[in-house]
Structures are given as C-alpha cells and as structure tokens.
Amino acid sequence: LTVQRACQAALKGKDETLASLIAEKAPLKQLTALCKKTCAKTPPKLPSAWKDEIFEARDAKEVETEDMMAKMKAETGMGMKMYSREDIEKMSEGDMEVMAAREAYGQERAAARMANEEI
C-alpha cells in the first residue's frame, strides 16, 4: 500500500506520459526521469525486525475508499468504518444495534461540534 501511494504521488499528473512511454517501449532512463525528483530522495532505513512479504495487489476501489474515508475524517473529525457484505452477514442483531448506536452518537457529536463552531 505504501509503495502504491508513493508511486501515485511521484507520478501525479504524469499517468498518460508514463503510459505512452511504456507503449513506445521507451528506455528505462526516460521512464525514471518522470519520478526523478521523488525517486532521488534517500529512502529511510528499514527496521531491524523487517520481514519481507509477498506483494499482493489491492483492489483500486478499496484503496480509493480508504483514501476517501481518511479525507472525510480529516474534514469532519468523524472516524468511520467500512464493512464488507460478508462482515455484515456475520453480525448478530446485537452487533448491528451497537453499530447503529455508535453511528447515531457520532452524528450527534458532530452536530454539536458544528453548532459550537457557529456560536
């Protein structure tokens, strides 16, 4: 996830250029020139307890949703949690009631916070 976001930041607005260079089978030097500024920074040292893991690609929609939730939390101060269909199906009626109560409480707190800011 970190590598994916770092790559997105380095190539911001240069997606089409990168795609055309790849399609043209451009030399590696031209490709790396796109992220020259970002890639020139020295990466931080890995912790001594580093364990290399197998890369597993993530669904773009899932990453987009996480980014959107982080943005909403930054703007509203309300933390949110996304549940998959499977998670909801596994929930008991009590779990769903607790989830609804937390959501209602969070909305009340946000409304109160906004009312205090208007005063």
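Draft legend 1. Up close: the overall build of the protein. In terms of regular secondary structure, the protein is built from seven helices and zero strands. A compact globule built from 119 residues would reach a C-alpha radius of gyration of about 14 Å, whereas the protein, at 21 Å, exceeds it by more than 25%. Judged by the C-alpha coordinates and their principal axes, the protein covers about 60 × 40 × 35 Å. A fraction of 43% describes how many contacts in the protein between residues 6 or more apart in sequence connect residues 24 or more apart. As displayed, the protein offers around 10,900 Å² of accessible surface, 57% of which is attributable to carbon and sulfur atoms. One way to put it: in the protein the 20 positive side-chain charges average out to a point 11 Å from where the 22 negative ones average out.

Draft legend 2. Broad picture of the confidence of the model for the protein. Averaged over every residue, the pLDDT of the protein is 80; the share at 70 or more is 94%. Across the protein, helix α6 (residues 85-90) holds the top mean pLDDT of 86, while helix α4 (residues 36-39) sits lowest at 72.

Draft legend 3. View of the pattern of salt bridges. For the structure on display, the rule yields two salt bridges. Between R58 and E62 there is a salt bridge whose closest N-O contact spans 2.9 Å. Taking relative accessible area as the criterion, R58 reaches 27% and is therefore assigned partly exposed. We note a salt bridge from R58 to E66, for which the minimum N-O separation is 2.6 Å. Taking the relative accessible area as the measure of exposure, E66 reaches 32% and is therefore partly exposed. Through salt bridges with shared partners, a single network forms among R58, E62 and E66.

Draft legend 4. Region of interest: the environment of N116. Of note, N116 is situated in helix α7 (residues 93-118). With 22 residues separating them in the primary sequence, N116 and G94 have C-alpha atoms 33 Å apart.

Cut-offs applied
- Each chain has its residues counted from 1, running along the sequence as written.
- Side-chain atom pairs in this predicted model are given and counted only at pLDDT of 80 or more, local residue features only at pLDDT of at least 70, and totals for whole chains, interfaces and linings cover all residues.
- As a rule here, side-chain values cover all heavy atoms of the structure and leave hydrogens and water aside.
- A helix here means a DSSP run of H or I that spans at least four residues, while a strand means a run of E at least two residues long, and both kinds are numbered starting from the N terminus.
- What the globule rule says is 2.2 Å times the number of residues to the power 0.38, and the radius of gyration is computed from C-alpha atoms.
- Only heavy atoms enter the contact rule, under which two residues are in contact if any of them lie within 4.5 Å.
- To measure how exposed things are, a 1.4 Å probe is used in the Shrake-Rupley method; for residues, cover is taken only from the protein chains shown.
- Under the convention used here, Asp and Glu are negative, Lys and Arg are positive, and both His and the chain ends fall outside the count.
- Every charge is mapped to an atom, namely NZ of Lys, CZ of Arg, CG of Asp or CD of Glu.
- On a scale of 0 to 100, pLDDT captures the predictor's confidence in every residue.
- When a carboxyl oxygen of Asp or Glu is within 4 Å of a side-chain nitrogen of Lys or Arg, the pair counts as a salt bridge.
- Each residue is placed in one exposure class: buried if its accessible area under a 1.4 Å probe, protein chains only, is under 20% of its type's maximum, exposed if it is over 50%, and partly exposed if it falls in between.

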